[in-house]
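What the coordinates show
Here is how the chains run, residue by residue.
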Amino acid sequence: MVGEPILTNVSVVAHNWDIKSPEWYADAPRMWDDLAGVGSAVITVEGTQWTLVGAYEQARSILQDGVSFTSSGERILLETVRGRGGASTKGGGSALPPSLLSFREDKESRGIRKSLRQGLDELPAAFEEDASLFQELETRLAVTECVDLSETALSLSTTSMSLLLGVPARVTAVYEAWIRDGGRRITDTVLHQRVTAALTDAQSGLMAGLLSRGWSAPDAAWALVWLSRASVRTLARALCNTFQTFSFEPGLPQFLDAGGDVNAAVNEILRLNPPTSALGRLAVGEQEVGGRIVPDGSLVVPVLAAAQRDRSVFPAGAVFRPENDGRPLLAFGWGRHSCLGETVARSLLAVVVAFIRDRRLAFESAGPAVRHPSFCFSSWDRLPTRITRLSRSAG
């Protein structure tokens, strides 16, 4: 576990900033609002200072600048909050697996990222034409007294990616088992072995395209293992947050019923509840962040969820208010290390939101929701929901 962080140099502290505390996870949006209000803050984790950034413009600038703030900080952030090594930013600690290609800067890794991004960007048009995807939605979002939509989000994510990537169905089962396991028994090496074996009959979609370009099955499997981290789990979190918004934010169905734009609704869901809430960057040389000097080698954490509540940029703050002002979100990161699956995720979310609107489905909480305990990612571990269908005369 992470040692208790101590918040310093902040004019207003309204809530508990201990990132391992249940209070943080139970009401993370209030913490994001705090940070958005003050712009930046310094916390001390196991004797090491982290600078949290909640100001939109500075967060975006840090993510864009890959020279003064490198993505190697992401490794440090994840290893620390997951308890795999200390908070030191000067080496040491355990290494995350090589499947996390976002941490690698060699030519081969850049080539894999480029191929995956190009392939994924070509997929969204297929969502609206895939009958099997709509059949899956009809099954997963059927009228029921109680369903755990966190499970539905995971199943829809893995199934939809399997359908469109041309991945064999048994890979989906491997993924679901791995995600539920959390890496305790199914290691990356075991996952890679199983995916390699399953890819031998990939006949269509992105994976078949990668194999046809001369990739070996093991190389394609590593790409797919990383893609699962970059897209499948991100998509599952985004879907879960979408379902939660339908259940707890009356403004969403009201906006859609009034003829509101589906993409604007998706944008607002992502603004208030991004699937990735914080990213780590490592300062190279002394840098100025939030009016204070950050020493060389310090961890700087753009908190995306806070930056997207910065009222100087998004006047609605924490209020659900779909607006298309053209200001880009940071929900999937920014710059060359942004999430590969953003285009796919946005497209699938739009299909799901439109499906719920067109079927006139209503979501209502059917029990206590449990937020996923993570400083870096925003989602729900349990989301019991009652699904009903509104009559055509219902407003």
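Our structure's up above, just so we're on the same page.
I will try to describe carefully the structure that is included in this document. Quick caveat: nothing in here was measured; it's all calculated off a predicted structure. (Residues numbered from 1 in each chain as written. Predicted model: local features only at pLDDT ≥ 70, side-chain atom pairs only at ≥ 80, totals over all residues. Heavy atoms only, no water.)

Structural notes on the pairing of strand β9 (residues 299-302)
In β9, alternate side chains face the same way, and those of L299 and V301 on one face and V300 and P302 on the other are all buried. Across 4 bridges, strand β3 (residues 48-53) lies against β9 in parallel orientation. By the bridge assignment for β9, V53 is matched with P302. Bridge count between strand β6 (residues 281-283) and β9: 2 bridges; the pairing is antiparallel. When the sheet's bridge partners are listed, R281 is paired in β9 with V300. (Buried < 20%, exposed > 50% of the residue type's maximum accessible area, 1.4 Å probe, protein only. Helix = DSSP H or I, 4+ residues; strand = E, 2+ residues; numbered from the N terminus. Pairing = 2+ DSSP bridges.)

Regarding the sheet that holds strand β10 (residues 361-365)
Pairing is antiparallel across the open sheet formed by 3 strands, whose spatial order is β5-β13-β10. Both edges of this open sheet fall to β5 (144-148) and β10, since each of them pairs with a single strand only. Here the average twist between neighbouring strands, direction ignored, is 35 degrees. In this structure, β5 lies alongside strand β13 (residues 384-389), joined through 3 bridges in antiparallel fashion. Bridging from a neighbouring strand, T144 pairs with I387 of β13. (Axes fitted to C-alpha atoms, helices over the stretch in contact; angles between N-to-C directions.)

Here we look at the environment of D27
Here D27 is to be found in the loop between α1 (22-26) and α2 (28-38). When the C-alpha positions of D27 and R371 are compared, they lie 8.4 Å apart, and in sequence the two are 344 residues distant.

Details of the nonpolar core
Within the largest apolar cluster, 60 residues are counted, with the highest numbers of intra-cluster contacts made by L141, L239, F243 and F363. Among the elements that line this core, the one with the most residues is helix α16 (residues 342-358), at 11 residues. Dropping the residues within four chain positions of it, L239 is found in contact with A153, L156, S157, L348, L349 and V352. Counting 22 residues, the second largest nonpolar core, distinct from the first, contains A28, V45, W50 and F375. (Core = buried A, V, L, I, M, F, W, Y, C linked by side-chain atoms within 4.5 Å. Contact = heavy atoms within 4.5 Å.)

Considerations on the layout of surface pockets
If you add up the space inside the second largest pocket, you get close to 240 Å³. As for the second largest pocket, its lining consists of 14 residues, of which Q244, E249, L272, N273 and R309 are closest to the centre. Looking at the lining of the second largest pocket residue by residue, the class counts come to 7 nonpolar, 3 polar and 4 charged. (1 Å grid on protein atoms, 1.4 Å probe; cavity = no way out; pocket = protein on both sides within 12 Å on 5 of 7 lines; lining within 4 Å. Points joined across faces, edges and corners; volume = space filled by probe spheres on them. Nonpolar A, V, L, I, M, F, W, Y, C, P; charged D, E, K, R; others polar.)

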